[in-house]
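Coordinates in review
Below are the chains, spelled out letter by letter.
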Amino acid sequence: MTGPHARTVVRRDHAVIAPETHVAGPVPGWTGAEHVQLVAPAMGARFSMALVTVVAGAVAGPPAEGCGRAVYVVSGAVALEAAGRRYELGPGGVAYIPPGDAHTLTAAGAGRICVIDKPHVALAGAPRGRPVVGDATRTTPVDFLGDPHVRVTQLLPDDPALDLALNIMTFDPGASLPFVETHVMEHGLLVLEGSLVYRLGDAWYPVAAGDAIWMGPFCPQWCCAYGTGPASYLIYKDWNRDVMA
Ligand code: UGY
Ligand code: MN
């Protein structure tokens, strides 16, 4: 029990959602699943990010109309049927489903999945997207801006049909982002392991595995990992399509 104490904060341009403040609930259309909504338009974001706890046989409901969906398997296993094919996704498994594509997502056992739904913004002239699957455990990370102590694992392809990116950033202890980033793109972030200090705007937050962050457009952001092992987080980013939209 933490009583009145909580690390969670929700500000105009960012939020930190700590697990001790999670309130899980069902979501219409899903069966066998409980959602913790980590990021939602209600806080000012233009996408939804949920941590979904599933039991064996749980079935996902569809995203809202016009939304593409990205899924990351934190633990457990899910089966995806899409575009006439069946995919098995284990821990680290990733899928992207374009808006309007019929698909089923069924849990093979108890687990947790992170589900990101985003109103799709099509790039002029881009082809219609297809379902994409990936696997973080089989993807080679690359140095981030030349620093071997900060690595990025790109989970989805650079494809003009997609309008979002999903990556894992990994920091050795003491490693940091090289500068305070400020960009029009939003982020949804879930810390997967380790500990970091995150600067958001003019505030500083210690975060650890299980914590989630929303960064709105232009939220200044920086972080540094601390502790004895690496820190990593799953990070969503919308692509910069039409800044006047
Ligand atoms: O690419 C990014 O925007 C990423 N480096 N941002 C972040 O980790 N906060
Ligand atoms: Mn960023």
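Residues numbered from 1 in each chain as written. Chains lettered and ligands numbered in written order. Predicted model: local features only at pLDDT ≥ 70, side-chain atom pairs only at ≥ 80, totals over all residues. Heavy atoms only, no water.

**Side note on unusual backbone geometry**
- A positive phi is found at Leu 145, a non-glycine position, where the angle reads about 50 degrees.
- For Leu 145, a relative accessible area of 59% puts it in the exposed group.
- Located in the positive-phi region is Phe 218, a residue other than glycine, with phi close to 70 degrees.
- Locating Phe 218 in the fold gives a position in the loop between strand E18 (212–215) and strand E19 (221–226). (Buried < 20%, exposed > 50% of the residue type's maximum accessible area, 1.4 Å probe, protein only. Helix = DSSP H or I, 4+ residues; strand = E, 2+ residues; numbered from the N terminus.)

**Details of the domain arrangement of the protein**
- Segmenting the protein into domains produces domain 1 (24–137) and domain 2 (139–238).
- Domain 1 and domain 2 are separated by 21 Å when their C-alpha centres are compared.
- Counting from both sides, the interface comprises 30 residues of domain 1 and, opposite them, 26 residues of domain 2.
- Between domain 1 and domain 2, a total of about 2200 Å² is buried, with carbon and sulfur atoms accounting for 74% of that surface. (Domains from an automatic or database assignment. Contact = heavy atoms within 4.5 Å. Buried area = accessible area lost by both parts, 1.4 Å probe.)

**Looking at the site of ligand 1**
- Taken together, Phe 144, Met 169, Leu 177, Glu 181, His 183, His 187, Tyr 198, Met 215, Gln 221, Tyr 233, Ile 235 and Lys 237 make up the full set of residues near ligand 1.
- Here Glu 181 contributes a side-chain N or O atom positioned 2.7 Å from a nitrogen atom of ligand 1.
- Between an oxygen atom of ligand 1 and a side-chain N or O atom of Lys 237, the distance comes to 2.9 Å.
- Computed on the free molecule, ligand 1 has an accessible area of 270 Å², of which 91% lies beneath the protein chains in the complex.
- The leading source of residues in the shell around ligand 1 is strand E20 (residues 231–238), at three residues.
- Of the residues contributing to the shell around ligand 1, the split by class is seven nonpolar, three polar and two charged. (Near = heavy atom within 4 Å. Polar contact = N/O pair within 3.5 Å; in protein donor to acceptor, adjacent residues only side chain to side chain. Areas by Shrake-Rupley, 256 points an atom, 1.4 Å probe, with all protein chains shown as cover. Nonpolar A, V, L, I, M, F, W, Y, C, P; charged D, E, K, R; others polar.)

**Brief notes about the environment of Leu 192**
- Within the secondary structure, Leu 192 is located in strand E15 (residues 187–193).
- Look at Leu 192 and you get partly exposed, because its relative accessible area is 26%.
- Through-space distance from the C-alpha of Leu 192 to that of Gly 92 is 11 Å; in sequence the pair is 100 residues apart.
- Once you skip the residues sitting within four places of it in the chain, Leu 192 turns out to touch Tyr 72, Ile 168, Ala 209, Ser 232, Tyr 233 and Leu 234.

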